[in-house]
Amino acid sequence: MVPSLPRLIPVLLGCGGAACGGDGASRPASEPAVEGPLAVAVSILPQKYMVERIGGPAVSVSVLIGPGQSPLTYDPTPRQMASLAGTRMYFTMGLEFERAWLGRLRAVHRDMRVVDMRGGIRLMPLAGPGEPGDDAGQDPHVWMSPRLARVMAGVIRDALVEALPERRELFDLNYRRFVDHLGQLHGEIREILRDLPARTFMAFHPSWGYFAEEYGLRQIPIESHGREPGARSLSRLIDRAREERVRVLVVQAQFSRSTAETVGNAVGARVITLDPLAEDYANNLRLVAEALAEALRGGGAS
Ligand SMILES: [Zn+2]
């Protein structure tokens, strides 16, 4: 130990003379600028959670779809466009609105790197009501599976390491911690959803396909590609749900409940509200599992 070391530090770090004048321009060229956190943008809150888990203090994350907003009606304001001025990296999630919006953002910020957060994940077809896989559309809700979130964690780590190679150790460590956490979460959810008397539920907006697939549940979607079904497909849907004795209908906070209530009443299903876009990703997934388990067992408030 060198007891006098702490007293040396202010001298080493402090301003020693002309080099530390009022503005950064007087800094010697050889001295690297002290950079703030890497400015990263994402589309939805669960992505923000994931990027922050891995980037820690080395990143600052802005999110396009804030709490309570819907990706289906999203239209960025000029102010929001401007607020993303310093964005160095954008993680996409394959959502519809990104297509239009990214072009505009790219035109303004040419050095921004765009990274598809889904990596090589194989996407499921987005099933329409009554006719599974009747459209070439793909289901974008991949983040709802913690196993697939591990793939995304790897994509985030690689992209951040490439942008800030000097922080590799931090990103690697955070990546391993996060992946461990996701593995644990996966086990917990599997446990919560074991031995249920029924495994089929209806969903107003089909956000739960990957979650259902992961845990042996079945989602019957009401809405198709952001559209409510017409009267004919709605009545077909209700017949099918009655036949299959579906007792649970999931709606999400961002959408209207009225059609869902109508269907729920016609079928005799309990309507529960779950949020696929909550920021507290891990806790929210556990909550989703618990609410579904309770409802599928026939309990829970409507
Ligand atoms: Zn959606």
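Because the structure is a prediction, the values reported are computed rather than measured.

Criteria and thresholds
Each residue is numbered by its place in its chain's sequence as written, counting from 1. The predicted origin of the model limits local features to residues at a pLDDT of at least 70 and limits the giving and counting of side-chain atom pairs to 80 or more, whereas totals for whole chains, interfaces and linings rest on all residues. In these notes, a nonpolar core means any group of buried Ala, Val, Leu, Ile, Met, Phe, Trp, Tyr and Cys residues linked to one another through C-beta atoms within 7 Å. Three exposure classes are used, based on other C-beta atoms lying within 10 Å of a residue's own C-beta, which is placed from the backbone: buried for 20 or more, exposed for 12 or fewer, and partly exposed in between. In this description a helix means any DSSP run of H or I spanning at least four residues, a strand means any run of E spanning at least two, and both kinds are numbered starting from the N terminus. Each domain span listed reflects an automatic or database assignment of domains. Here contacts are defined at the residue level, using C-beta atoms placed from the backbone and a cut-off of 7 Å between them. At least two bridges found by DSSP between two strands are what make those strands a pair. A fitted line through C-alpha atoms serves as each axis, taken over the contacting stretch for helices, and the angle formed by two N-to-C directions is quoted from 0 to 180°.

Participant: When you look at the nonpolar core in this model, what are you seeing that I'm missing?
Facilitator: Soluble globular proteins: nonpolar side chains tend toward being buried together. Ile 156, Phe 201, Met 202, Leu 249 and Val 250 are the most contacted members of the largest nonpolar core, which totals 72 residues. Per-element accounting of this core gives the leading share, 9 residues, to helix α10 (residues 281-296). Of the domains in this structure, domain 1 (38-189) and domain 2 (195-296) are the two that each give at least three residues to this core. Non-local contacts of Leu 249, meaning those with residues more than four positions away in its chain, are made with Phe 201, Met 202, Phe 204, Ala 260, Val 263, Gly 264, Ala 269, Arg 270 and Val 271.

Participant: How should I be thinking about the sheet that holds strand β7 (residues 248-251) in this particular structure?
Facilitator: Strands pair in a sheet through their backbones, by hydrogen bonds, and they do so in one of two ways: parallel or antiparallel. Taken in spatial order, the 4 strands line up as β6-β5-β7-β8 in an open sheet, and their pairing is parallel. Edge positions in the sheet fall to β6 (218-221) and β8 (270-273), since each of these pairs with one other strand and no more. Sheet twist, expressed as the mean angle between neighbouring strand axes with direction ignored, is 35 degrees. By the bridge criterion, 2 bridges tie strand β5 (residues 200-203) to β7 in an arrangement that is parallel. Bridged to Met 202 within β7 is Leu 249.

Participant: Please clarify how the sheet that holds strand β2 (residues 59-65) should be interpreted in this entry.
Facilitator: What the 4 strands build is an open sheet, ordered β2-β1-β3-β4; its pairing is parallel. Only two strands of the sheet have a single partner each, and these edge strands are β2 and β4 (113-116). The sheet shows a mean angle of 25 degrees between the axes of neighbouring strands, taken without regard to direction. Direction of pairing for strand β3 (residues 89-92) relative to β4: parallel, over a ladder of 4 bridges. In the sheet register, Tyr 90 faces β4, and the bridge partner there is Val 114.

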